[in-house]
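# Understanding the architecture of this molecule
The residues making up each chain are set out below.
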Amino acid sequence: MQVDTELIFRLATEHDLDRIVEMLADDELGSTRERYEKPLPESYLKAFKAIAADANNELVVASLEKEVVGVQQITFTPYITHQGGWRATIEGVRTSSSERGKGIGTALIQFAIQRAKERGCHLVQLTTDKKREDALRFYEQLGFIATHEGMKMKL
């Protein structure tokens, strides 16, 4: 299924923050780790300001007719490995629950891949929770391959 009208991708503004957190909290896992309340906790604004001030981070929203319907964060990182190459990491991908299945997620990822190419990255990577089986299938259909085992430590 495709989006009926044209998606517009742009950097998020502080005005978008409420909608972004709402989308992040709108699923089984997000509802347990996000705090979507009004007013939003100050921690979200602090994180937004840090991301916006960092030239190697882009918090991107997708809009349909001025309504924010998708979000993702793209982080560009230089590495000593791969001959000093750059990587793009995609995180926090969400689409509005009312718009899922319409191609917005695919368009978001394609946008991130294009940004990575524009920035000279040799690799695009992402992580998704193993409990998100639909997301795993989605990323595999887009050409991502589970080549590494990711590990995390909560602090």
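Quick caveat, the model's predicted, so the values are computed rather than measured. (Residues numbered from 1 in each chain as written. Predicted model: local features only at pLDDT ≥ 70, side-chain atom pairs only at ≥ 80, totals over all residues. Heavy atoms only, no water.)

## Observations regarding the overall build of the chain
Rule in force here: Runs of H or I in DSSP of at least four residues are treated as helices and runs of E of at least two as strands, each being numbered from the N terminus. For the radius of gyration, the atoms used are the C-alpha atoms, and the globule rule reads 2.2 Å times the number of residues raised to 0.38. In short, Shrake-Rupley with a 1.4 Å probe defines the accessible areas, and a residue's cover is counted only from the protein chains shown.
In terms of helices and strands, the chain carries 6 helices and 5 strands. In sequence order, the secondary structure elements of the chain are arranged as β-α-α-α-β-β-α-β-α-β-α. The C-alpha atoms of the chain give a radius of gyration of 16 Å, which matches the 15 Å a tight globule of 155 residues would have. Structurally, the chain occupies a C-alpha span of about 45 × 35 × 30 Å along its principal axes. Per element, the accessible surface of the chain, about 10,300 Å² overall, is 53% carbon and sulfur.

## Section: the sheet that holds strand β4 (residues 86–95)
Worth spelling out the cut-off: A strand pair is defined by DSSP finding two or more bridges across the two strands. Fitting a line to C-alpha atoms yields each axis, with helices limited to the stretch in contact; the angle taken between N-to-C directions then spans 0 to 180 degrees. Here a residue-residue contact requires only that any non-hydrogen atoms of the pair lie within 4.5 Å.
Strand order in the open sheet formed by 5 strands is β1-β2-β3-β4-β5, with mixed pairing between adjacent strands. Two strands in the sheet have a free side with no partner beyond their single neighbour: β1 (8–11) and β5 (121–126). On average, adjacent strands in this sheet sit at an angle of 25° to one another, irrespective of strand direction. The strands touched by helix α5 (residues 104–118) within the sheet are β1, β2 (57–64), β3 (67–78), β4 and β5, with β3 carrying the most contacts at an inclination of about 30°.

## Details of the nonpolar core
Here is the rule we go by: Buried residues of nine kinds, namely Ala, Val, Leu, Ile, Met, Phe, Trp, Tyr and Cys, make up a nonpolar core once their side-chain atoms join them within 4.5 Å. Relative accessibility decides the category of a residue: with a 1.4 Å probe and only protein chains considered, values under 20% of the type maximum give buried, values over 50% give exposed, and everything between is partly exposed.
Core analysis: the biggest nonpolar cluster contains 21 residues, and Leu-7, Ile-90 and Tyr-139 have the highest contact counts within it. Breaking this core down by element, the ones donating at least two residues are β2, β3, β4, α5, β5 and α6 (133–141). Sorting elements by how many residues they give to this core places α5 first, with 6 residues. Ranked by size, the runner-up nonpolar core spans 15 residues in total, among them Ala-12, Leu-17, Tyr-44 and Leu-59.

## Let's talk about the packing of aromatic side chains
Formally: Any pair of Phe, Tyr and Trp rings, taking the six-membered ring for Trp, is counted once the centres come within 6.5 Å. Such a pair is stacked with planes under 30 degrees apart, edge-to-face with planes over 60 apart, and tilted for the rest. Throughout this description, the term charge over a ring refers to an Arg CZ or Lys NZ atom that lies within 6 Å of the ring centre and within 35 degrees of the ring normal.
Counted according to the given criterion, the structure contains 3 aromatic pairs. Judged by centre distance (6.1 Å) and plane angle (75°), the ring pair of Tyr-139 and Phe-144 falls under edge-to-face. Here Tyr-139 matches Phe-144 in class, with each residue buried. Grouped by ring-pair contacts, the aromatic residues Phe-138, Tyr-139 and Phe-144 constitute a single cluster. Against the face of Tyr-79 rests Arg-87, its NZ or CZ located 4.0 Å from the ring centre. Above the face of the Phe-76 ring, Arg-119 is positioned so that its terminal group lies 4.2 Å from the ring centre.

## Observations regarding the side chain of Thr-95
Mapped onto the fold, Thr-95 is located in strand β4. By relative accessible area, Thr-95 is classed as buried at 12%. If sequence neighbours within four positions are ignored, Thr-95 has contacts with Met-23, Val-69, Gly-70, Arg-100, Ile-104, Gly-105 and Leu-108.

## Some thoughts on the pairing of β2
It is a general feature of regular strands that their side chains alternate between the two faces of the sheet. With 8 of 8 residues buried, β2 lies mostly within the body of the structure. With burial as the criterion, each face of β2 is covered, one bearing Asn-57, Leu-59, Val-61 and Ser-63 and the other bearing Glu-58, Val-60, Ala-62 and Leu-64. Pairing between β1 and β2: 4 bridges, direction antiparallel. Across the sheet, the residue bridging to Phe-9 is Ala-62, located in β2. Hairpin connection of β2 to β3: 2 residues between the antiparallel strands, including Glu-65 at a positive phi of 45°.

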